[in-house]
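Observations on chain architecture
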Amino acid sequence: LKFDCIITVGYQVLAIKRVFPANLPKPTFHPTNPHHTPAQPTSPAALAGEWRLLHANIGVSAMHMQLLPEDFVLMFDRTDSGPSNISLLDPASCAAAAAAAPNATAAPVDCSAHSVLLDLRSNALHPYPLATNPWCSSAALLPNGTLLQTGGFSNGDRIARLFSPTSGWVDLPDFLAARRWYATDILLADGRVLILGGRRQYNFEFFPHDGVNGPPPLTFFPFLDETTEVDAENNLYPFLHLLPDGTVFVFANDRAVVFDPYNRTPLRRLPTIPGGVPRNYPSSGSSVLLPLRPEYPTHAEVLVCGGAPRGAYQLALRNGTFVPTERTCGRIAPTDANPVWAMEEMPLPRVMGDMVLLPTGDVLIVNGAAAGTAGWELGREPVMYPVLYRPDTQNGARFEVLTASTVPRMYHSSATLDTYGRVLVGGSNPHIGYVFANVTYPTELSLEAFLPPYLDTRLDGLRPRVLGAPAEVGYGEAATVRFEVPGGALAGGGPEDQVVRVVAVAPAFATHSFGMNQRVVDLAVTRVAQLDVGVYEAEVATPPSPGVAPPGYYLWFVVHAGVPSSAAWVRTRPLGAAP
């Protein structure tokens, strides 16, 4: 591995550009056990993509990550792992308040921050205090741009929290009707949030409550009871995806159902994914809803990749046997009359991988391990190479291996798309506390950005720049987006409304190998007009219904000849709301 130069990019990120030799040796890292080597492609070659270091130390291990409107990224870990590496802005006041509390003890007071906010425009970090423990929690971005964050561990397991950069964390004590640890949140078409599952919780509830004082009765969800396993569970953090008709796809273990959250009953069971491999925590695979296209308004496809064989958790936990992880992906259209799984193989096996939807419609698969399972100290052989999945390419040619990172990202890693089209990658802490030495995989506090191939500087002549976009839209409306192309003319090869695409991307809450609520919606481009030299206006049809795009904030990217712009934030109003 050679280091080319230290560079500064336009959004003020000091970065190290990595240049890999043609023979592509294994990326270097520092395991104490030399037998735990990274997984790598069988035929290394010059690979696309680039890694940049944004922060060597953000102070916390980014176990949870959420992109927020106005270009902020919230990252947090847990409050019971000891002091973090970043102090609160006023630690003296924290210590004084703790000493004066009625239940004060002689135990050390933790006045460090366990959540930080990254300003993407300046690359500055801001610490925020957390009052209750959000370890292994879930979240959804509400239609008003506030983050709803639910559950966690110990004093946080029945807490709902609200976060915004201006107000910080606001706890709603005992809001949840049940203990939510390893649950999943999904934003529904009506703007409510469904909170489903968690450890030994085969039920669901909603935010906000249905006009009652205190938590309403829970609704039993037998599918989670059916899919749990003794000693391993393998159905935690179930994969939830909102379908265009407003129903919800639920995947747990190796099975799936389509669920009506309004009538509170499963509508139908889907076929079991072939192979018998669990895909949910701790056999943590990942899943995305593939991009929704305007020409097929009722059609949706789900992709599920990776995982660990049945029994992998017990083998790793009880006798230190780390079995090879899963290489297959399954793809299904739950909206079809008779859906079936189409199986594919990734170039590299992977557990604890993160799947990130890109504005091009492709899927980036990053992080994780090639042996073992999720859990403390239970993963081995880090998978350093990201993989790109192109869903519209012919089966058998959809995967591309990309440039490797030098940082193992194992259990408690995360990844999410940002406003510039980069993928932010952070976290990795397979230990009970912060451990930085004398272990195979130390706690990782760094934050990197992976630049997918479309951010190659050789494509800058095609890269559009958004000049104007609506701040807010409704459903089924006409809207315009103005943009410029540095090269002046649009790329040839087809009608202008095919060379130019506009896509709306819902930002994800990323944790434990699943990006909750991430979504890519292609907007129908009805007209592209040239306004000036290199300046254009695209007229688009906004999403037709909240089932296609639930209300809230989206990143609107202009994609020109396959090269995306940076994004503009656009809010989709709830159905029936006044402009």
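Going by an unreviewed UniProt entry, the protein chain carries the name Galactose oxidase-like Early set domain-containing protein and comes from Aegilops tauschii subsp. strangulata.

What to know about the overall build of the protein chain
Each helix and strand counted, the protein chain has four helices and 43 strands in total. For the protein chain, buried positions account for 62% of its 579 residues. Taking the contacts inside the protein chain whose residues are at least 6 apart along the sequence as the reference set, 63% of them involve residues at least 24 apart. Here the protein chain has roughly 21,000 Å² of accessible surface; of this, 54% comes from carbon and sulfur atoms.

Comments concerning the sheet that holds strand β6 (residues 115–119)
Reading across the sheet, the six strands line up as β7-β6-β5-β4-β37-β38 and stay open at both edges, with antiparallel pairing between neighbours. Bordering the open sheet on either side are β7 (124–128) and β38 (514–516), each of which pairs with just one other strand. Between one strand axis and the next, the sheet turns through 20° on average, direction left out of account. Where β6 lies against β7, five bridges are found, and the strand directions are antiparallel. When the bridges of β7 are listed, L117 appears paired with H126.

Some thoughts on the sheet that holds strand β29 (residues 399–401)
Spatially, four strands are ordered β24-β25-β28-β29 in an open sheet, and the strand pairing comes out antiparallel. Lying at the two open borders of the sheet, with one neighbouring strand each, are β24 (354–357) and β29. With strand direction ignored, the average angle separating the axes of adjacent strands in the sheet is 25°. The sheet contact formed by β24 and strand β25 (residues 363–366) spans four bridges and is antiparallel.

Some words on empty space enclosed by the protein
Inspection of the entire model under this criterion finds six cavities of 30 Å³ or more. Taken as a whole, the largest cavity encloses approximately 200 Å³ of empty space. Residue lining of the largest cavity: 18 residues in total, with L187, A506, N517, P550 and Y554 positioned closest to the centre. Put simply, the parts of the chain that give the lining of the largest cavity at least two residues each are β12 (183–187), β16 (239–242) and β41 (552–560). Across the lining of the largest cavity, the residue classes break down as 13 nonpolar, four polar and one charged. Two domains share the lining of the largest cavity, each providing at least three of its residues, namely domain 1 (50–100 + 111–455) and domain 2 (464–572). When its volume is computed, the second largest cavity comes out at roughly 100 Å³. Lining the second largest cavity are 18 residues, and of these V356, T416, L417, A508 and Q518 sit closest to its centre. Breaking the lining of the second largest cavity down by element, the ones donating at least two residues are β24, β30 (413–417), β36 (500–506) and β38.

Points about the pattern of salt bridges
Pairing is possible between side chains of opposite charge, provided their charged atoms come close. Under the counting rule described, the total for this entry stands at 29 salt bridges. Of the charged contacts in the structure, one is a salt bridge between R78 and D80, with a shortest N-O distance of 2.6 Å. Taking relative accessible area as the criterion, R78 reaches 5% and is therefore assigned buried. The partly exposed category is assigned to D80, whose relative accessible area is 33%. One salt bridge connects D190 with R192, and the closest N-O pair in it is separated by 2.8 Å. In this structure D190 comes out as partly exposed when scored by relative accessible area, which is 39%. Taken together, the shared-partner salt bridges connect E229, D254, R255 and R310 into one network.

Structural notes on the pairing of strand β26 (residues 369–372)
Pairing of β26 with strand β27 (residues 379–382) involves three bridges; the strand directions are antiparallel. Looking across to β27, one finds that A371 is bridged to R380.

Describing the environment of P391
By the element assignment, P391 lies in the loop between β28 (387–389) and β29. Using a relative accessible area of 5% as the deciding quantity, one classes P391 as buried. In this structure the C-alpha to C-alpha distance between P391 and E301, which are 90 residues apart in sequence, comes to 9.9 Å. When neighbours within four sequence positions are excluded, P391 is seen to be in contact with L290, R331, G361, D362 and R398.

Here's the deal with the state of the cysteines
Applying the stated criterion across every chain yields a total of one disulfide. Covalent S-S linkage joins C305 and C329, the inter-sulfur distance amounting to 2.1 Å. Between C305 and C329, the S-S dihedral sits near 115°, and the bridge is therefore right-handed. Of this pair, C305 sits in strand β21 (residues 302–305) while C329 sits in strand β22 (residues 328–332), and the two are 24 residues apart along the sequence. The pair C305 / C329 is uniform in exposure class, with both members buried.

Comments concerning helix α3 (residues 312–319)
Those residues of α3 lying buried are A312, Y313, Q314 and A316. Elements that come into contact with the buried residues of α3 comprise β26.

Quick word on the side chain of E229
Tracing the backbone shows E229 in the loop between α2 (222–227) and β16. Classification of E229 by relative accessible area gives buried; the value is 18%.

Details of the environment of N203
The residue N203 is located in strand β14 (residues 203–207) in this model. Exposure remark for N203: the relative accessible area of 9% places this residue in the buried category. For N203 and D225, which are 22 residues apart along the polypeptide, the C-alpha to C-alpha distance reads 9.0 Å. For N203, the residues in contact, after removing those within four places along its chain, are A178, R180, I195, L196, G197, L218, T219, F220 and F221. Within the local environment of N203, its side chain forms a polar contact with the side chain of R180, the two groups lying 2.7 Å apart.

Looking at the packing of aromatic side chains
One pair of aromatic rings is described through two measures. These are the centre distance and the angle between the planes. Under the definition given, this model contains 25 aromatic pairs. An angle of 70° between the planes, with centres 4.9 Å apart, marks the rings of F221 and F259 as edge-to-face. Of this pair, F221 sits in the loop between β15 (219–220) and α2 while F259 sits in strand β18 (residues 255–260); the two residues are 38 residues apart in sequence, bridging distant segments of the chain. Each member of the pair F221 and F259 is classed as buried. Joined through ring pairs, the aromatic side chains of W135, F153, W181, Y182, Y237, Y281, W376 and Y411 make up one cluster. The lysine or arginine in question, R78, covers the ring of W135, its NZ or CZ lying 3.9 Å from the ring centre. Above the face of the W181 ring, R199 is positioned so that its terminal group lies 5.0 Å from the ring centre.

What counts and how
Residues numbered from 1 in each chain as written. Predicted model: local features only at pLDDT ≥ 70, side-chain atom pairs only at ≥ 80, totals over all residues. Heavy atoms only, no water. Helix = DSSP H or I, 4+ residues; strand = E, 2+ residues; numbered from the N terminus. Buried < 20%, exposed > 50% of the residue type's maximum accessible area, 1.4 Å probe, protein only. Contact = heavy atoms within 4.5 Å. Areas by Shrake-Rupley, 256 points an atom, 1.4 Å probe, with all protein chains shown as cover. Pairing = 2+ DSSP bridges. Axes fitted to C-alpha atoms, helices over the stretch in contact; angles between N-to-C directions. 1 Å grid on protein atoms, 1.4 Å probe; cavity = no way out; pocket = protein on both sides within 12 Å on 5 of 7 lines; lining within 4 Å. Points joined across faces, edges and corners; volume = space filled by probe spheres on them. Nonpolar A, V, L, I, M, F, W, Y, C, P; charged D, E, K, R; others polar. Domains from an automatic or database assignment. Salt bridge = Lys/Arg side-chain N within 4 Å of Asp/Glu carboxyl O. Disulfide = S-S within 2.5 Å. Polar contact = N/O pair within 3.5 Å; in protein donor to acceptor, adjacent residues only side chain to side chain. Phe/Tyr/Trp six-rings, centres within 6.5 Å; stacked < 30°, edge-to-face > 60°. Lys NZ or Arg CZ within 6 Å of the ring centre and 35° of its normal.

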